Amino acid sequence: TCRLKNKGTTTLRNLEFCIDQVCSHFDLLIAQEQTTKNNIQTKKPGEFIANISIKVKGIENDVLIKYEVVDEPSLIIKELRVPSQIDFEKNETIRIILEKNSYSDPKNITLIFESGSFQKMISLDHIEKDEAIEIALLGSELNEGKNIIKMRVEWKNTKNETQMVRRDVTVEMRFTSVWQR
């Protein structure tokens, strides 16, 4: 939306207002203000430059403006490495790579890992590019046998609504001696 106001002492007849190649023509009376909507056809998100021009009575004025088209922030789990087995006294690592799948940066990101009494949470302000995250996994934090670790990645969209991806993985915890039970 652009607002034009005639601050002069003459009516501007057949004023041509263009954003890039999209133009509109109208008269602008003395002290009149005109709001015009010229849609800029942009198919993808990113930063762009538009040429705004005004022509009236052989006088032309051009201005370049920078604008940004945004999309909904999006993440995908590009990679998830979890050990299939872990011994009670061992420490392992869960490695996750989050891929930014949008032009806009996802914000207020929370990674949640849960399985029975095991729970870990990691918070990130935002992600500008792919992000590798490692989480310590202790065998003693899991129950004996198979454990389903439920993983959620949550973030806020442009309307402050929560978006989420989930992935469940199974890790078997083994006791290596009778004394550990």
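Preceding this section is the structure that the text describes.
Fair warning: this is a prediction, and the values are worked out from it, not measured in the lab.

Analysis parameters
- Residues numbered from 1 in each chain as written.
- Predicted model: local features only at pLDDT ≥ 70, side-chain atom pairs only at ≥ 80, totals over all residues.
- Heavy atoms only, no water.
- Helix = DSSP H or I, 4+ residues; strand = E, 2+ residues; numbered from the N terminus.
- Buried < 20%, exposed > 50% of the residue type's maximum accessible area, 1.4 Å probe, protein only.
- Salt bridge = Lys/Arg side-chain N within 4 Å of Asp/Glu carboxyl O.
- Pairing = 2+ DSSP bridges.
- Axes fitted to C-alpha atoms, helices over the stretch in contact; angles between N-to-C directions.

A. Geometry of unusual backbone geometry. Positive phi, normally seen in glycine, also occurs at Asp20, with a value near 55°. On the secondary structure map, Asp20 appears in the loop between β2 (12–19) and β3 (22–28). Exposure remark for Asp20: the relative accessible area of 33% places this residue in the partly exposed category. Positive phi is not limited to glycine here, since Asn160 has a value of about 65°. Tracing the backbone through its elements, the reader meets Asn160 in the loop between β13 (145–156) and β14 (162–174). Its relative accessible area of 52% is what places Asn160 among the exposed residues.

B. Expanded view of the environment of Ile97. Following the sequence through the fold, Ile97 ends up in strand β9 (residues 91–100). Sequence separation of Ile97 and Glu134 is 37 residues, and the distance between their C-alpha atoms is 8.8 Å.

C. Structural view of the pattern of salt bridges. Taken as a whole and assessed by the stated rule, the structure comprises 13 salt bridges. Note that Glu47 and Lys66 form a salt bridge whose closest N and O atoms lie 3.4 Å from each other. Pair noted here: Glu47 is in strand β5 (residues 46–56) and Lys66 is in strand β6 (residues 59–69), with a separation of 19 residues, a long-range link. Put simply, Glu114 and Arg152 hold a salt bridge, and the shortest N to O gap is 3.2 Å.

D. Region of interest: the sheet that holds strand β7 (residues 75–81). Across the sheet, three strands lie side by side as β7-β9-β12; this open sheet has antiparallel pairing. Every interior strand has two partners, whereas the edge strands, β7 and β12 (131–138), have only one. Strand-to-strand twist of the sheet, defined as the mean angle between neighbouring strand axes without regard to direction, takes the value 25°. The pairing of β9 with β12 spans eight bridges and is classified as antiparallel. Each residue of the ladder has a partner; that of Glu92, found in β12, is Leu137.

Remember that the coordinates give geometry; whether it matters functionally is a separate question.
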